[in-house]
Amino acid sequence: MSTINRLEWSRQISLLNETIKTFQADPSPAQLEAAIRQMQSYAEAARLGGIEIPQRFTVN
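Peer 1: What is the right way to look at helix H1 (residues 6-25) in this model?
Peer 2: With 20 residues, H1 should reach 28 Å at 1.5 Å per residue; the first-to-last C-alpha distance of 28 Å fits that figure. Of all the residues in H1, the buried ones are Trp-9, Gln-12, Ile-13, Leu-16 and Thr-19. The buried residues of H1 all sit within an arc of 125° when viewed along its axis, so they share a single face. Away from its buried face by more than 90 degrees, H1 exposes Leu-7 and Ala-25. Packed against the buried residues of H1 are helix H2 (29-48).

Peer 1: Help me understand a nonpolar patch on the surface, please; the structure alone is not making it clear to me.
Peer 2: A contiguous nonpolar patch, built from Leu-32, Ile-36 and Met-39 and spanning about 220 Å² of accessible area, is present on the exposed surface. Residue Ile-36 is classed as partly exposed on the basis of its relative accessible area, which comes to 30%.

About the criteria used
- Residues numbered from 1 in each chain as written.
- Predicted model: local features only at pLDDT ≥ 70, side-chain atom pairs only at ≥ 80, totals over all residues.
- Heavy atoms only, no water.
- Helix = DSSP H or I, 4+ residues; strand = E, 2+ residues; numbered from the N terminus.
- Expected span 1.5 Å × (residues − 1).
- Buried < 20%, exposed > 50% of the residue type's maximum accessible area, 1.4 Å probe, protein only.
- Arc of directions from axis to C-beta.
- Contact = heavy atoms within 4.5 Å.
- Patch = residues over 30% accessible without salt bridge, like charges linked within 9 Å, V, L, I, M, F, W, Y side chains within 5 Å.
- Areas by Shrake-Rupley, 256 points an atom, 1.4 Å probe, with all protein chains shown as cover.
- Salt bridge = Lys/Arg side-chain N within 4 Å of Asp/Glu carboxyl O.

Okay, structure coming up:
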């Protein structure tokens, strides 16, 4: 699996944040499942080295 660049990493974080915000606005079982799936996908990519996580992240 190729390493995801920092732009893709940032996009993945934004998507994860949006999924969590959606769950917070509508804490239904379906939204909870979507948030969990998104977090698991991100964690798996990080574990396998398929995503490059910067040692330091600065929010603009």
